[in-house]
Amino acid sequence: MNKKLSLGIALIVLFTIFGVLNFRKALTPYVSYREARSGGSVQVIGTLVKGSSTYVVDEQTLYFTMKERDAQDTIKVAYRGRRPVNFEEATSIVAIGSYDGRIFQARRLLVKCPSKYQGTETQREYGEVR
Amino acid sequence: MAFGGYVIWVALLCEILSLLYYSINQKHLARYCYLATTVFGTVATIQLFYFFIVKDFSVEYVAAYCSNDLSLFYRISAFWAGQQGSFLLWLFIALVMGIFLFRTDEKWQREVMIFYNVQILALLILLLKQSPFKLLSQIPPDGTGLNPLLVNPWMAIHPPMMFLGYAAYGVMFAFIMAALWKKDISTWIDVSIRWIVFAWLTLGIGIILGGYWAYETLGWGGYWGWDPVENASFIPWLFGTALLHGLAIQRIYKGFYKSNALLAIFSYLFIIYGTFLTRSGILADFSVHSFADLGITGWLVFILFVFLAGSTGVFLSRLNIFPKGEPIRGLLRPPTLLACSVILLVLSGVVVAAGTSAPLITPLWGKPSQVDIPFYVNTQIPLYILLLAVFTIFAYRKKFLPFVIVLSILVPVVSYTLGVKNPVHLILIALCTSTLVSQLGNKRAFFILIHSGVALFILGSIYATGYDKQVKITLQQDVPVKVDDKYTFTFRSVAAPSPQEKPVAILEVNDGKKTYVVKPKLWFNQKSNQLVANPHIRIHFAMDEYYVVHEFRPAVQENSVLAIRKGETRDVGDIRLSFLGFKLDQSHVMKAGMAVKAVLAVDGDKEKLIMPEYGILSQGNINKPEVDIPGHAAKIRLEALNASTGTIHLNIRTPAGTVKKATAVVEFTRVPLISLVWIGSILQILGCAISLMFRHKKVIEAKVQQNLPIRERKKKSRR
């Protein structure tokens, strides 16, 4: 009985260590564009610079420029997937990927659409109050 | 505020009365008050439905999610497209479900209803804080409309199913709390087991419907993306699964009393935690489909805290009432295996919860971070390997051993020759096979269905997510393109099958044997001015073929006319034009004439501006000079403008030599054996439904044996 219990506890401890190691490995921190340019798997957030998105048919790649929130910095992003639905009217875009020295290569894009944000005005106020 | 908003206040009043009457043991009055709450909740729900049906855009919520072009079906399902409406739906389902609790044994009813009413109260408070009945001061002529991703039949059933599950988890929570309160920890299962199975079933159906929806609309990439919103419902499901296994130990082997109480409590707490994560806005930057903060974060934290503190407090104060469980004996005996399942499922839930909470945990030592998908996959795999091993051993019968061994070697070997080289995948495939085959030794249908369903689901996911093949093809109109030496793609046109339907891209695909036409949807969303593509899926048992158009460029003609509004971006062939605004040219304000220039950015480049002008000269003559488009051999002219709507009409002239064919970029994905994912899910649902009916039958039989009329309780309560 005791043997079984200690075996179980040992396995759970091992699994926890395994989990923590994986957790640390898979972390993609939110960084500023300046930090993103120094490399590593990260995520950046910003707004789409109006009219900056182009889909280059020959490269099958979507290019666009993002403007950093509360800052003037911009970053060019390349995404080889499908242009997300509602991309042009997105209120904010999160790009997960890494900077390759020239451009931010996005693995994934998270796009926030205003239709889910019907209270954008409320939200902005709320942000200022905080 | 519309009428419905006041109705919610009245409902809150009735609800508080019901809670008070229950606590002073005035059961009949309490019940009437509860019914009144239900009636008022229903009235509010009906009114919001009505607003959607008649497109009453004076209601802020309706204006935000409905529009004139939506069909009745989608106007109805737009009810739960947003945060406020989905809370109302949750409330409505929970209220109606509560009426069925009136049939609960008299002995339990009061306490169960008290703990259930507390949850209703929380929902009512949230609804008052963010009411769907707010009115706009100015009535817009049209609403914002539904997000194109939500214009999908699955959207109509997925959320109601989820809330059915959420509400039923609430019933489970009410039962365990009542059991702790009444210090009766051994019989609560008998009165609540059907509710627990029902909760687990409905939440499971809800999750899988969501998965199918994601798969079908592609918006979120595949059927499961480990997105926080998906995880938020998966965690309670995992805890519920663990609970059902723990309850089997409690009923048959008289153990796990404390663990089961905790599992039941935490299953529900994770529903509240999930609601907090997805609706407070704290994950807004981390999740594709979580809601923005509408100012209820404080309340959500408060509710979470009250439920957490209240339930753990009651649990701790009742620690002495738990019977001492029988020790679990034997290494490979059923009780040990059940206990292993419980532990593995709880670990799985905890890991998913930890990953989902990463943005909340990581600021403690560094930058807020999210964990990427590999975290979930890597940590779940060892747990599933062990779980499948447990399934196999549990159903083990000696006479089937040769079959199990032979097939568990054969299937991975065949998979290996078909290209599955990853050793972990091969181990999983072997274990899924052994689980499936060893079910031969089992006699209970629901058990076989559920566990082989899980094995098939895992088998399907390995093939579908690990061995899908994706290619992107650039196609010019009517020019066949060879793909992977087997397929020939020809892009024919983009056309609407009928005036009522959305346009589709027409692709002819030849797979070496026969030619078929696939029609992925490709339509222009007038509300957001952009191309929306829905996939076309050819469903087969062995392999789904998934077609989606990434990009479409219409043919470049010699003369194209384009109407464009301020702020819009449009493509003409390979030229992309963004209309930034008007500019009044001062230098032309001369001799009673004037000129307006349209400022256009070319190819998304703010530096590359062109300004075609529309000049009205003194004699009333109009001057519309042609301007070169930099980077393209084309010229542009401002044909007409309407300053009040901010619209301009452009004429683009391309030299004869550069006329281009229409182009489409198509993504073609082959997803092997995804059918097993759906078949596995259906088997699990079937198994669970059978177990539910079986339990229902057993309850009735028990009553018949005791010579009790089945409806007796109901009569008594009407006395």
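Residues numbered from 1 in each chain as written. Chains lettered and ligands numbered in written order. Predicted model: local features only at pLDDT ≥ 70, side-chain atom pairs only at ≥ 80, totals over all residues. Heavy atoms only, no water.

Novice: I tried to follow the overall build of chain A on my own but got confused; where do I start?
Specialist: Helix and strand content of chain A: three helices and seven strands. Written out in order from the N terminus, the α and β elements of chain A read α-β-α-β-β-β-β-β-β-α. Looking at the 130 residues of chain A, the share that counts as buried comes to 50%. Surface accessibility of chain A: about 6,900 Å² in total, with carbon and sulfur atoms responsible for 56%. (Helix = DSSP H or I, 4+ residues; strand = E, 2+ residues; numbered from the N terminus. Buried < 20%, exposed > 50% of the residue type's maximum accessible area, 1.4 Å probe, protein only. Areas by Shrake-Rupley, 256 points an atom, 1.4 Å probe, with all protein chains shown as cover.)

Novice: I keep staring at the overall build of chain B and nothing clicks. Help me out?
Specialist: Check the secondary structure of chain B and you find 19 helices and 21 strands. The principal-axis extent of the C-alpha atoms belonging to chain B is close to 100 × 65 × 55 Å. For chain B, buried positions account for 55% of its 719 residues. Across chain B, every contact between residues at least 6 apart in sequence was considered, and the portion connecting residues at least 24 apart equals 67%. In the form shown here, chain B has an accessible surface area of approximately 30,800 Å², with 64% of it arising from carbon and sulfur atoms. The centroid of the 67 positive side-chain charges in chain B is displaced by 13 Å from the centroid of its 42 negative side-chain charges. (Contact = heavy atoms within 4.5 Å. Lys, Arg positive; Asp, Glu negative; His and termini not counted. Charge placed at Lys NZ, Arg CZ, Asp CG, Glu CD.)

Novice: What should I look at first to understand the pairing of strand S6 (residues 515-518) of chain B in this one?
Specialist: A regular strand carries its side chains on alternate faces of the sheet. All names here are of chain B. Every second residue of S6 is oriented toward a common face, the buried set being Tyr-516 and Val-518 and the non-buried set Thr-515 and Val-517. Note: strand S5 (residues 504-510) against S6, four bridges, orientation antiparallel. From the neighbouring strand, Glu-508 faces S6, where its bridge partner is Val-517. (Pairing = 2+ DSSP bridges.)

Novice: I'm lost on the packing of helix H5 (residues 83-100) of chain B against helix H6 (residues 106-129) of chain B in this one. Help?
Specialist: Packed helices, taken two at a time, are described by their axes: the angle between them and the distance between them. All names here are of chain B. Contact geometry for H5 and H6: axes closest at 9 Å, N-to-C directions at 160 degrees. When the interaxial angle is binned, H5 and H6 end up roughly antiparallel. Here H5 and H6 pass one another in a crossing that is left-handed. Mapping the contact onto sequence places Gln-84, Phe-87, Leu-88, Trp-90, Leu-91, Ala-94, Leu-95, Met-97 and Gly-98 in H5 and Met-113, Tyr-116, Ile-120, Leu-123, Leu-124, Leu-126 and Leu-127 in H6. A class-by-class count of the residues in the contact of H5 with H6 yields 14 nonpolar, two polar and no charged. (Axes fitted to C-alpha atoms, helices over the stretch in contact; angles between N-to-C directions. Parallel < 35°, antiparallel > 145°, perpendicular 65-115°, else oblique. Left-handed = near helix turned anticlockwise from the far one by under 90°. Nonpolar A, V, L, I, M, F, W, Y, C, P; charged D, E, K, R; others polar.)

Novice: What is the right way to look at the packing of aromatic side chains in this model?
Specialist: Given two aromatic rings, one states the distance between the centres and the angle between the planes to describe the pair. Enumeration according to the criterion identifies 47 aromatic pairs over all chains in this entry. Ring pairs connect the aromatic residues A:Phe23, B:Trp200, B:Trp224, B:Trp226, B:Phe234, B:Trp237, B:Phe375 and B:Tyr376, which therefore count as one cluster. (Phe/Tyr/Trp six-rings, centres within 6.5 Å; stacked < 30°, edge-to-face > 60°.)

Novice: Hey, could you run me through the nonpolar core in this one?
Specialist: Across soluble globular proteins, you tend to see nonpolar side chains buried next to one another. Counting 164 residues, the largest nonpolar core has B:Leu48, B:Phe52, B:Leu88, B:Tyr116, B:Leu180, B:Ile185 and B:Trp188 as its most contacted members. Sort the elements by how many residues they give to this core and helix H7 (residues 153-181) of chain B lands first, with 18 residues. Apart from the residues lying within four places of it in its own chain, the contact partners of B:Leu88 are B:Ile8, B:Ala44, B:Thr45, B:Leu48, B:Phe79, B:Leu127, B:Pro132 and B:Phe133. By size, the runner-up hydrophobic cluster in this structure holds 24 residues, among which are A:Leu48, A:Val77, A:Ala95 and B:Val665. (Core = buried A, V, L, I, M, F, W, Y, C linked by side-chain atoms within 4.5 Å.)

Novice: Sorry, what's going on with the sheet that holds strand S21 (residues 663-672) of chain B here?
Specialist: Residue and element names in this part refer to chain B. Here we have four strands laid out as an open sheet, ordered S2-S21-S10-S9, and antiparallel in their pairing. Of all the strands in the sheet, the pair left with one neighbour each is strand S2 (469-476) and strand S9 (536-538). Mean inter-strand twist for the sheet, computed between neighbouring axes without regard to direction, equals 20 degrees. The sheet contact formed by S2 and S21 spans eight bridges and is antiparallel. Bridge pairing in S21 links Val-471 to Phe-668. In the packing of helix H8 (residues 188-217) onto the sheet, contacts are made with S9, strand S10 (543-553) and S21, and the angle to S10 comes to roughly 50 degrees.

Novice: Looking at this structure, I do not really get the packing of helix H10 (residues 257-279) of chain B against helix H11 (residues 297-317) of chain B. What am I missing?
Specialist: Residue and element names in this part refer to chain B. Contact geometry for H10 and H11: axes closest at 9 Å, N-to-C directions at 175 degrees. With respect to each other, H10 and H11 are oriented roughly antiparallel. Along the contact surface, H10 presents Lys-258, Ala-261, Leu-262, Ile-265, Phe-266, Tyr-268, Leu-269, Ile-272, Tyr-273, Thr-275, Phe-276 and Arg-279, while H11 presents Thr-297, Leu-300, Val-301, Ile-303, Leu-304, Phe-307, Leu-308, Ser-311, Thr-312 and Phe-315.

Novice: What am I meant to see in a positive patch on the surface here?
Specialist: Among the surface-exposed residues, B:Arg397, B:Lys399, B:Lys443 and B:Arg444 lie close enough to one another that they form a single positively charged patch. Its place among the elements puts B:Arg444 in the loop between helix H16 (423-438) and helix H17 (445-466). (Patch = residues over 30% accessible without salt bridge, like charges linked within 9 Å, V, L, I, M, F, W, Y side chains within 5 Å. Salt bridge = Lys/Arg side-chain N within 4 Å of Asp/Glu carboxyl O.)

Novice: Sorry, what's going on with the pattern of salt bridges here?
Specialist: Any two side chains of opposite charge can pair, given that their charged atoms come close. This model, assessed by the stated rule, comprises 16 salt bridges over all chains. Put simply, A:Asp73 and A:Arg37 hold a salt bridge, and the shortest N to O gap is 3.3 Å. Of this pair, A:Asp73 sits in the loop between strand S4 (61-68) and strand S5 (74-79) while A:Arg37 sits in the loop between helix H2 (33-36) and strand S2 (42-48), and the two are 36 residues apart along the sequence. Across the salt bridge formed by B:Arg492 and B:Glu508, the nearest N and O atoms sit 3.1 Å from each other. Here B:Glu508 lies in strand S5 and B:Arg492 lies in strand S4 (residues 487-495), a separation of 16 residues in the sequence. One salt-bridge network, in which partners are shared between bridges, spans A:Arg107, A:Arg108 and B:Asp372.

Novice: Just checking my understanding: could you explain the pairing of strand S13 (residues 575-584) of chain B for this structure?
Specialist: Residues and elements named next belong to chain B. One ladder, built from four bridges, connects strand S12 (residues 569-572) with S13; its direction is antiparallel. Bridging from a neighbouring strand, Arg-570 pairs with Leu-577 of S13. Joining the antiparallel neighbours S12 and S13 is a turn of two residues, in which Gly-573 adopts a positive phi near 60 degrees. Here seven bridges tie S13 to strand S14 (residues 594-602), and the two strands are oriented antiparallel to one another. Bridge assignment links Ser-578 to a residue of S14, and that residue is Ala-601.

Novice: Help me understand the sheet that holds strand S18 (residues 627-629) of chain B in this model?
Specialist: Note on sheets: strands pair through backbone hydrogen bonds, and any given pair is parallel or antiparallel. Residue and element names in this part refer to chain B. Taking strand neighbours across the sheet as the criterion, the four strands line up as S11-S20-S19-S18 in an open arrangement whose pairing is antiparallel. Only two strands of the sheet have a single partner each, and these edge strands are strand S11 (559-565) and S18. Between one strand axis and the next, the sheet turns by 35 degrees as a mean value, whatever way the strands run.

Novice: I would appreciate a short explanation of helix H1 (residues 2-26) of chain A in the present structure.
Specialist: An ideal rise of 1.5 Å per residue puts 36 Å on 25 residues; H1(A) measures up with 36 Å between its terminal C-alpha atoms. When we look at burial in H1(A), the residues that qualify are A:Phe15, A:Gly19, A:Asn22, A:Phe23 and A:Ala26. (Expected span 1.5 Å × (residues − 1).)

Novice: So what exactly am I meant to see when it comes to the environment of B:Val314 here?
Specialist: Residues and elements named next belong to chain B. Mapped onto the secondary structure, Val-314 falls in helix H11. For the pair Val-314 and Val-118, spaced 196 residues apart in sequence, the C-alpha to C-alpha distance is 15 Å. Each residue touching Val-314, except ones within four places of it in the same chain, is listed here: Met-177, Leu-180 and Trp-181.

Novice: Please explain the confidence of the model for chain A as it appears in this structure.
Specialist: A low pLDDT score tells you not to read the predicted coordinates there in detail. Across chain A, pLDDT averages 77, with 84% of residues at or above 70. Within chain A, the element-level pLDDT minimum falls on helix H3 (residues 120-129) of chain A, averaging 24, and the maximum on S5(A), averaging 91. (pLDDT = per-residue confidence, 0-100.)

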